[in-house]
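In case you want the letters, here they are:
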Amino acid sequence: MSDNVKTPSLDQTPRLRPGYRFQWEPAQKAHVLLYPEGMVKLNDSASEILKLVDGERKVADIIDTLKARFPAAADIDEDILGFLETAHAQFWIQFT
Amino acid sequence: MHNSGFSLPEPIQGPPLWLLAELTYKCPLQCPYCSNPLDFAGHGEELTTAEWVTVFKQAREMGAAQLGFSGGEPLVRQDLAALIGEARNLGYYTNLITSGIGLTEKKIAAFKDAGLDHIQISFQASDAEVNNLLAGSQKAFDQKLKMARAVKAHGYPMVLNFVTHRHNIDQIDRIIELCIALEADAVELATCQFYGWAELNRAGLLPSRAQLERAERITNEYRDKLAAEGHHCKLIFVTPDYYEERPKPCMGGWGSLFLSVTPDGTALPCHSARQLPIKFPNVREHSLQHIWYDSFGFNRFRGDDWMPEPCRSCDEKERDFGGCRCQAYLLTGDASQADPVCAKSAHHDVILAAREEAETSTLAIDQLSFRNDRTSRLICKG
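I will try to describe carefully the structure that is included in this document. Predicted model, so just to flag it, every value in this text is computed and none were measured. Counting of residues starts from 1 at the beginning of each chain's written sequence and follows it residue by residue. Whichever chain is written first is A, and whichever ligand is written first is 1; the rest continue in order. In keeping with the predicted nature of the model, local features appear solely for residues at pLDDT of at least 70, side-chain atom pairs appear and are counted solely at 80 or more, and the whole-chain, interface and lining totals rest on all residues. The basis for every side-chain value is the complete set of non-hydrogen atoms in the structure, without hydrogens or water.

1. Digging into helix α6 (residues 172–181) of chain B
All names here are of chain B.
Logical step 1: Buried residues of α6: Ile-172, Ile-175, Ile-176, Leu-178 and Cys-179, and no others. Seen end-on, α6 carries its buried residues on one side only, within an arc spanning 160°.
Logical step 2: Where α6 is buried, its residues meet β4 (118–123), α5 (140–153), β5 (158–164), β6 (186–191), α8 (209–228) and β7 (234–238).
Logical step 3: Downstream of α6 by a residue or two, Glu-183 has a phi angle that is positive, lying close to 65°. Note on exposure labels: buried denotes an accessible area under 20% of the residue type's maximum, exposed denotes more than 50%, and partly exposed covers the range between, all computed with a 1.4 Å probe on protein chains only. Think of it this way: any DSSP run of H or I at least four residues long counts as a helix, any run of E at least two long counts as a strand, and we number them from the N terminus. Of all possible arcs, the one meant is that of the directions from the helix axis to the C-beta atoms. When checking whether two residues touch, look at their non-hydrogen atoms; a contact exists if any pair is within 4.5 Å.

2. What to know about helix α1 (residues 49–62) of chain B
Logical step 1: Expected span, for any helix, means 1.5 Å times one less than how many residues it has. Across its 14 residues, α1(B) extends 20 Å between first and last C-alpha, which sits within 8% of the 20 Å expected from 1.5 Å per residue.
Logical step 2: For α1(B), the complete set of buried residues consists of B:Trp52, B:Val53, B:Val55, B:Phe56, B:Ala59, B:Arg60 and B:Met62.
Logical step 3: Along its buried surface, α1(B) packs onto β2 (21–25) of chain A together with β1 (18–22), β2 (66–70), α2 (80–89), β8 (258–261) and α9 (288–294) of chain B.
Logical step 4: Looking at the residues trailing α1(B), positive phi occurs at B:Gly63, about 135°.

3. Considerations on the interface of chain B and chain A
By a widespread convention, an interface's size corresponds to the accessible area lost as its parts come together.
Logical step 1: Contact with chain B, which involves 25 residues of that partner, is made by 19 residues of chain A.
Logical step 2: Counting the surface lost from both chain B and chain A, the interface buries some 1800 Å², and carbon and sulfur atoms represent 57% of this.
Logical step 3: We define a salt bridge as a side-chain nitrogen of Lys or Arg found within 4 Å of a carboxyl oxygen belonging to Asp or Glu. The interface formed by chain B and chain A contains two salt bridges.
Logical step 4: Pairs of N or O atoms are called polar contacts if they sit within 3.5 Å, as long as, within protein, a hydrogen donor faces a hydrogen acceptor (for residues adjacent in sequence, only side-chain-to-side-chain pairs). Scanning the region where chain B abuts chain A turns up ten residue pairs in polar contact (both at pLDDT 80 or more).
Logical step 5: Where the side of chain B that touches chain A is concerned, the elements lending two or more residues are α1, β3 (93–98) and β4 of chain B.
Logical step 6: Residue polarity follows a fixed list, in which Ala, Val, Leu, Ile, Met, Phe, Trp, Tyr, Cys and Pro are nonpolar, Asp, Glu, Lys and Arg are charged, and the others, Gly among them, are polar. Its residues assigned to classes, the side of chain B that touches chain A comprises ten nonpolar, nine polar and six charged. Summed over both partners, buried area is the accessible surface (1.4 Å probe) that two parts give up on being assembled.

4. Quick word on the sheet that holds strand β4 (residues 38–41) of chain A
Residue and element names in this part refer to chain A.
Logical step 1: On the basis of which strands lie adjacent, the open sheet formed by three strands has the order β2-β3-β4 and antiparallel pairing. Of all strands in the sheet, those bounded by a partner on one side alone are β2 and β4. Shown here is a sheet whose adjacent strand axes are inclined to one another by a mean of 30°, direction ignored.
Logical step 2: Across four bridges, the pairing between strand β3 (residues 30–35) and β4 is antiparallel. Here a strand pair is declared whenever DSSP counts at least two bridges between the two strands. In this analysis, axes come from line fits to C-alpha atoms, helices being fitted only over the stretch in contact, and the angle between any two N-to-C directions falls in the range 0 to 180 degrees.

Take it as geometry only, folks, not as evidence of what the structure does.
If you want it as structure tokens, here you go:
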């Protein structure tokens, strides 16, 4: 049941852990992550990353897509990897 | 609006994010720490399917995202799958909070089809004998084990809930081992909170300080072990506030995030609030919009204008909101008092006395008042 990964590598594919749901909440004007009896309100960057976490895109694809979308953002690679590492440590996502 | 002078703007009240639907007070178990009201047997007609759906729609429009189906035992409701389906379609994250009694593989599959997101099963102990004694049922434990396995087999995330107290807390290592073996995603090791039936049975339930400290230490050892293995099972240890020096920030603040609707449609800011001497609004008579933002009951303890000393001048009032209104009422007779758990409360001696009692209590499980219709009716009449 455990996948004991630390920093994600570029060829890994993240997906939401079963039972986790990512959705837009109009009342909170934010994306949230819903899970058993809990909810995390996400900021814009976390939301942009999680929109691409679909169990198909590799980490490298996610970085490329966001780089193309936000060409002015500096160090976007590190931010994305950092977020995915945190999301994994929080058990929000799994890697395959 | 009037324009004489000016007043500071009121903090803007956000929407309810959590809706707890207590579908029924009926339950096949008789747990002596049940949080349902003591006089549940005397309460009114249950809401119909259509009435519940209206509640779900209104709360969802306001912003509620988490929905808990609870009770009593929600499986008693024959329309549960339909209610789950409606809620899921509205966009809720749907949680079934059940004892597992009355659950079948067929229902687990049907709920999945309806869109149920998560199942929480409560256990009374880690072994059949104590579990069944507490539940007041001979077959409860085996059924729970079977259903916990089936829940995982159907791909649900599963939280197991153990209400701990002086009769089972010493088995905490076995409880945790059992939860790991059942592949629980999270375990709530929730020491009894003393409301409803638990308050009635407090002397027979409150663990001693030594019991509690041992349980917390063992839980921490398991946490370290699980973390080292990269295991995702999360252990949530809820300390009984009777051993704290400061009160809990109950419900994240009165009428702040949480909205509970009882079987007969009474709307409450927390599931224990019904025991307060406040007339709470009913969803049959008012919209949730009115209930949440405008009703007397939901506004009664918002903000801090209601606070007397020692809360009023306390620099921690924004952190804990003076603690729990129900506990203040139960222990002092006045719901606006500081929660006596707080060492600053003039009534803190009640808590100290309860702790002392826990050192010497000899009450056995079979001496507790079990939560059932017969006892409840006696309490109603009393």
